[in-house]
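# Commentary on secondary and tertiary structure
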Amino acid sequence: MSSGAPSPPATVSGASYAVAPVTMAHYKAADSKREQFRRYLEKSGVLDTLTKVLVALYEEPEKPNSALDFLKHHLGAGTPENPEIELLRLELAEMKEKYEATIEENKKLKAKLAQYEPPQEEKHAE
């Protein structure tokens, strides 16, 4: 072998050809997965919802300081819930408990009343 400019080994160009189809196949698989995911988002309405919120942000005359907060607020995942809402939830839970207790008490009182009242048939017979 002479000591001139080294010529690239044949395996390098062969390897690059061997790698290219694998890389292309990888890109096609990734594109396919992206396309499937895009269709999934489209079918579930996510793309429409995001588009509407982004359009609302675009059309906002005075842009908010935080675009992310704007998106969160309009997507329903905003800042922590209003304390008033939490109080209403607690009140609702208490009312449900009271309702159940009242229903139970009503059943007991009806059973007790039935012991002291004659059956309806006897009342009509008199």
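The name an unreviewed UniProt entry gives the chain is c-Myc-binding protein, with Heterocephalus glaber as the organism. Regarding the chain, the UniProt comment filed under Sequence similarities (unreviewed entry) reads as follows: "Belongs to the AMY1 family." In the Subcellular location (unreviewed entry) part of its UniProt record, the chain is described as follows: "Nucleus".

In contact at an axis separation of 10 Å, helix H2 (residues 46-59) and helix H3 (residues 67-75) are set at 130° when each is read in the N-to-C sense. Judged on the interaxial angle alone, H3 and H2 are oblique. The crossing of H2 and H3 is right-handed. Where H2 approaches H3, its residues Thr49, Leu50, Val53, Leu54, Ala56 and Leu57 are matched on the opposing element by Ala67, Phe70, Leu71, His74 and Leu75. Partitioning the contact of H2 with H3 into residue classes produces nine nonpolar, two polar and no charged.

Taken together, Val46, Leu50, Leu54 and Leu75 make up a surface patch of nonpolar side chains, about 300 Å² in accessible area. If you trace the backbone, Val46 turns up in helix H2.

Another aspect to go through is the pattern of salt bridges. Considering all chains together, one arrives at four salt bridges under this definition. We note a salt bridge from Arg38 to Glu35, for which the minimum N-O separation is 2.5 Å. With Arg38 and Glu35 both in helix H1 (residues 10-43) and three residues apart, this pair spans about one turn of that helix. Among the residues examined, Glu35 registers a relative accessible area of 31% and is labelled partly exposed. Two residues, Arg38 and Glu42, come together in a salt bridge whose shortest N-O distance is 2.6 Å. Remark: Glu42 and Arg38 occur in helix H1; sequence separation between them is four residues, near one turn of the helix. Arg38 sits in the partly exposed class, given a relative accessible area of 35%. Each of Glu35, Arg38, Arg39 and Glu42 takes part in a single network of salt bridges with overlapping partners.

Quick look at the UniProt feature "coiled-coil region" (unreviewed entry) in the chain now. UniProt records the feature "coiled-coil region" (unreviewed entry) at residues 85-112, using the numbering of this structure. A distance of 40 Å separates the end C-alpha atoms of residues 85-112, which is 100% helix and 0% strand.

What counts, and where the lines are drawn
- Residues numbered from 1 in each chain as written.
- Predicted model: local features only at pLDDT ≥ 70, side-chain atom pairs only at ≥ 80, totals over all residues.
- Heavy atoms only, no water.
- UniProt positions renumbered as here; feature names shortened; annotations may be inferred.
- Axes fitted to C-alpha atoms, helices over the stretch in contact; angles between N-to-C directions.
- Helix = DSSP H or I, 4+ residues; strand = E, 2+ residues; numbered from the N terminus.
- Parallel < 35°, antiparallel > 145°, perpendicular 65-115°, else oblique.
- Left-handed = near helix turned anticlockwise from the far one by under 90°.
- Contact = heavy atoms within 4.5 Å.
- Nonpolar A, V, L, I, M, F, W, Y, C, P; charged D, E, K, R; others polar.
- Patch = residues over 30% accessible without salt bridge, like charges linked within 9 Å, V, L, I, M, F, W, Y side chains within 5 Å.
- Areas by Shrake-Rupley, 256 points an atom, 1.4 Å probe, with all protein chains shown as cover.
- Salt bridge = Lys/Arg side-chain N within 4 Å of Asp/Glu carboxyl O.
- Buried < 20%, exposed > 50% of the residue type's maximum accessible area, 1.4 Å probe, protein only.

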